[in-house]
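# Examining the three-dimensional arrangement
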Amino acid sequence: MILDLKSLFAQDRAVLPIVYELDLRAFEWMGETPLREPIRVVGSVENRASVVTLTLRCAVAYTAACDRCGAETTNRYEVPLTRTLTMQRAGAEDAADDLLELPDAQLDLDALCTEEIVLNLPRKHLCREDCRGLCPVCGRNRNTDPCHCVPDGGDERFAVLRVLRDAADGNETGNC
Ligand SMILES: [Zn+2]
Ligand SMILES: [Zn+2]
């Protein structure tokens, strides 16, 4: 979506509300297409004493395999975005990070939101904070199907505990 902000730049106290949906379903990342739901973008552009500010929140649903156990998981979070918009070309010395130059007053909202969302994609993706992952020995999902495996090179003291626990468990102990 391209916003034409010419009249907003010309009018003090003008406010333009923004509510729209950004479709990034085709976006590929780490071999997946994690942005399968429309991204809801809500905010406004506001002119206050000729300072024009864009304030947005992008509601993202990120779906991919859990880094530890592989279960498909959707995590939801918001990406905030704030920019000061100017029609003037700022010199290099006063070009702040959040300053966006729009010489023709045209704002490409899709490009701006997409860039911000991609910069803020999660570095880790877990089905839950304490996901126990897969057993390195038998491959079971330790969240749902705990096993009694002792990883190779594991501490011998745990092997002793395991024998004790196996004895207590009786026959139903799975030897993975
Ligand atoms: Zn997990
Ligand atoms: Zn196991």
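Residues numbered from 1 in each chain as written. Chains lettered and ligands numbered in written order. Predicted model: local features only at pLDDT ≥ 70, side-chain atom pairs only at ≥ 80, totals over all residues.

### Quick look at the nonpolar core
- Grouped together as the largest cluster of nonpolar side chains are 16 residues, with contacts concentrated most on Ile39, Leu56, Cys58 and Cys113.
- Contributions of two or more residues to this core are made by β3 (39-48), β4 (51-65), β5 (72-86) and α2 (109-119).
- Counting residues per element, this core draws most heavily on β4, which supplies five residues.
- In contact with isoleucine 39, not counting residues within four places along its chain, are Glu21, Leu22, Leu24, Cys58, Ala59, Val60 and Ile117. (Core = buried A, V, L, I, M, F, W, Y, C linked by C-beta atoms within 7 Å. Buried ≥ 20, exposed ≤ 12 C-beta atoms within 10 Å, placed from the backbone. Helix = DSSP H or I, 4+ residues; strand = E, 2+ residues; numbered from the N terminus. Contact = placed C-beta atoms within 7 Å.)

### Side note on the sheet that holds strand β2 (residues 15-22)
- If you trace the five strands from one edge of the open sheet to the other, you get β2-β3-β4-β5-β6, paired in mixed fashion. In this open sheet, the two strands that pair with only one neighbour each are β2 and β6 (99-101). Going across the sheet, the axis of each strand differs from the next one's by a mean of 30 degrees, ignoring polarity.
- Note that β4 and β5 share 14 bridges and pair antiparallel. Bridge assignment links tyrosine 62 to a residue of β5, and that residue is asparagine 75. (Pairing = 2+ DSSP bridges. Axes fitted to C-alpha atoms, helices over the stretch in contact; angles between N-to-C directions.)

### Here's the deal with the environment of proline 38
- In this fold, proline 38 is placed in the loop between β2 and β3.
- Given 14 C-beta atoms within 10 Å, proline 38 falls into the partly exposed group.
- In sequence terms proline 38 and tyrosine 20 are 18 residues apart; their C-alpha atoms lie 9.5 Å from each other.
- The residues touching proline 38, leaving out its near neighbours within four places in the chain, are Glu21, Leu22 and Asp23.

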